[in-house]
Amino acid sequence: MLTRKKQDSFFDKHALAVTPQPVFYCPRLESHGGSSSYVYDSFQHVPIKKTLWSLLQDKTYVEALLQDKCSPGVLQDWSDGSKCTEHPLFGDSSKFSIKIQLFYDDMGVTNPLRSAGSLHNVAVFYYTIKNLPPEFNSCFANVHLFALCYTHDLTVHGFSSILDRFVSEMKELSSDG
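Residues numbered from 1 in each chain as written. Predicted model: local features only at pLDDT ≥ 70, side-chain atom pairs only at ≥ 80, totals over all residues. Heavy atoms only, no water.

Looking now at the packing of aromatic side chains. Between two aromatic rings, the relevant description is the distance of the centres plus the angle of the planes. Within the structure shown, the criterion is met by 6 aromatic pairs. Ring geometry for Tyr104 and Phe159: centres 5.2 Å apart, planes at 75 degrees, overall edge-to-face. Residue Tyr104 is found in strand E5 (residues 100–107), and its partner Phe159 is found in the loop between helix H6 (151–157) and helix H7 (160–176); the two are separated by 55 residues along the sequence. A centroid spacing of 6.1 Å and a plane angle of 80 degrees characterise the contact between Phe125 and Phe159, whose relative ring orientation is edge-to-face. (Phe/Tyr/Trp six-rings, centres within 6.5 Å; stacked < 30°, edge-to-face > 60°. Helix = DSSP H or I, 4+ residues; strand = E, 2+ residues; numbered from the N terminus.)

This is how it looks when you write it as structure tokens:
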């Protein structure tokens with residue numbers, strides 16, 4: 001317990017650490033063995049704006065973000081294609097737009113002694129910053145957590161509460177910068 005306390009204390013004091021926040025779904029009524037009770041499901045969310053702020057505090061990260069990696073006539077990425085250059089947000093050279101790509105995966109948490117391995121599967125939502133050169137984008141240091149929840153909660157509550165949060169953050173970032 002002392003080690004966990006030291007770890008939490010270290011990250012709480014670290015200026016660039018971004019702490020996950022619990023987000024609660026609507027409560028639901030669940031019945032087991034003849035008795036009913038309310039269940040308050042939640043997921044953990046890491047705000048993108050705070051993560052970006054933390055990343056942009058590092059001078060070398062900003063330099064890598066601003067590198068012009070485009071070679072005329074060579075398509076290495078979506079950013080090099082005509083769809084990107086004609087896009088109203090990404091094609092405007094007077095503005096700097098950060099491209100964020102969201103991913104979703106299920107992560108199985110299993111116990112080799114039990115057969116019910118899918119009981120505690122976790123859904124992971126994460127993203128990468130596509131403005132970085134490919135050698136940085138293939139590194140785990142550029143994979144940022146957006147949300148974690150139980151896979152079962154997604155089947156009960158759906159993807160909308162998590163994806164709505166992502167869309168609202170993207171709208172906020174596009175209007176406020």
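From this point on, the discussion continues.
So, about helix H2 (residues 48–55). The complete set of buried residues in H2 reads Ile48, Thr51, Leu52, Ser54 and Leu55. On an axial view of H2, the arc spanned by its buried residues comes to 160 degrees, and they lie on one face. On its buried face, H2 sits against helix H3 (59–65), E5, strand E6 (122–129), strand E7 (144–150) and H7. (Buried < 20%, exposed > 50% of the residue type's maximum accessible area, 1.4 Å probe, protein only. Arc of directions from axis to C-beta. Contact = heavy atoms within 4.5 Å.)

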